[in-house]
Amino acid sequence: MDVINELIMQTVTSPWLYLIMLVVAIIDGFFPPIPSETVLVAAAAVGASSGGVNIALLCAVAAVGAAIGDNIAYAIGRRLGTRRFAWMRRPRVAAAFVHAQRALDDRSATLILGARYIPVGRVAVNMSAGALDFAWRRFIPLSLLAGASWSIFSVGIGLFAGSWVKDQPLLSAAIGVVLALLIGFTVDRVAARRRRVAVPQLAG
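Residues numbered from 1 in each chain as written. Predicted model: local features only at pLDDT ≥ 70, side-chain atom pairs only at ≥ 80, totals over all residues. Heavy atoms only, no water.

**Q** I'm lost on the overall build of the protein in this one. Help?
**A** When helices and strands are tallied, the protein shows 9 helices and 0 strands. Shown N-terminal to C-terminal, the secondary structure of the protein runs as helices and strands in the order α-α-α-α-α-α-α-α-α. Within the protein, the proportion of its 204 residues that are buried is 47%. Residue pairs in contact within the protein that sit at least 24 positions apart in sequence constitute 78% of those at least 6 positions apart. (Helix = DSSP H or I, 4+ residues; strand = E, 2+ residues; numbered from the N terminus. Buried < 20%, exposed > 50% of the residue type's maximum accessible area, 1.4 Å probe, protein only. Contact = heavy atoms within 4.5 Å.)

And the structure:
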């Protein structure tokens, strides 16, 4: 266990951490399988538990990366639409696109800010915004605000876990990731329920 904790500390305190965080956050903006929340929460938890992490820099880098990734998703949506690839046509992803397309004009700020907390949802919303020609001058500030709020929230989870379990970076990272997954699952379920309620209303 001590060896694993030491390896984690070496990784987290490496100057490469911030570059890794930036790259992961960017890719996660348009490719959901990349777990940017996991990396961010775990790094913040280890930083709070044992030190060695510049939390403010980590938060800022993650926020910038998230905003860049979201704008890449927007650009992909504008260029390719929302049905070009097979994964876009999976039922869950397709349903997210449909919901985003119907709601974007009515409550764009709420949708873009809220979707940042749902891995598949944010890609669907941001690609839909591009595909539907939502004004980029409106999208950019919303994506910056969404990235900042997401980063602060995720870091907060990590800090809570790290302060709860001192000097145990492996355990604090694990607790932080579990908390993030539970919150993400809850948000995802609530969003799915709202979509099921909204569809009959729109149909009617």
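More follows now that the structure is in view.
**Q** Sorry, what's going on with the packing of aromatic side chains here?
**A** Two aromatic rings are characterised by how far apart their centres lie and by the angle between their planes. All chains considered together, the criterion is met by 3 aromatic pairs. Ring geometry for Tyr-117 and Phe-153: centres 5.5 Å apart, planes at 80 degrees, overall edge-to-face. On the criterion of sequence distance, the pair formed by Tyr-117 in the loop between helix H6 (108-115) and helix H7 (119-131) and Phe-153 in helix H8 (residues 136-164) is long-range, its members being 36 residues apart. For Tyr-117, a relative accessible area of 25% gives the class partly exposed. Among the residues examined, Phe-153 registers a relative accessible area of 37% and is labelled partly exposed. By way of ring pairs, the aromatic residues Tyr-74, Trp-136 and Phe-139 are connected into one cluster. (Phe/Tyr/Trp six-rings, centres within 6.5 Å; stacked < 30°, edge-to-face > 60°.)

**Q** Please explain the nonpolar core as it appears in this structure.
**A** Counting 15 residues, the largest nonpolar core has Leu-17, Tyr-18, Met-21, Leu-40 and Leu-58 as the members making the most contacts within it. Sorting elements by how many residues they give to this core places helix H4 (residues 55-80) first, with 5 residues. With 11 residues, the next largest nonpolar core counts Ile-112, Ala-115, Ala-129 and Phe-139 among its residues. (Core = buried A, V, L, I, M, F, W, Y, C linked by side-chain atoms within 4.5 Å.)

**Q** Looking at this structure, how should I read the pattern of salt bridges?
**A** A pair can form between side chains of opposite charge whenever their charged atoms are brought close. Summed over all chains, the structure comprises 3 salt bridges. As a salt-bridge pair, Glu-37 and Arg-122 come within 2.8 Å of each other at their nearest N and O atoms. With Glu-37 in helix H3 (residues 36-50) and Arg-122 in helix H7, the pair connects residues that are 85 residues apart, well separated along the chain. Each member of the pair, Glu-37 together with Arg-122, is buried. Between Arg-116 and Asp-70 there is a salt bridge; the shortest N-O distance is 2.8 Å. Here Arg-116, found in the loop between H6 and H7, pairs with Asp-70, found in helix H4; they are 46 residues apart in sequence, far enough to count as distant. (Salt bridge = Lys/Arg side-chain N within 4 Å of Asp/Glu carboxyl O.)

**Q** In this structure, what is going on with a nonpolar patch on the surface? I would like to understand it.
**A** Judged by side-chain polarity, Trp-16, Leu-19, Ile-20, Val-23, Ile-27 and Phe-31 come together as a nonpolar surface patch covering roughly 550 Å² of accessible area. The residue Ile-27 is located in helix H2 (residues 16-28) in this model. (Patch = residues over 30% accessible without salt bridge, like charges linked within 9 Å, V, L, I, M, F, W, Y side chains within 5 Å. Areas by Shrake-Rupley, 256 points an atom, 1.4 Å probe, with all protein chains shown as cover.)

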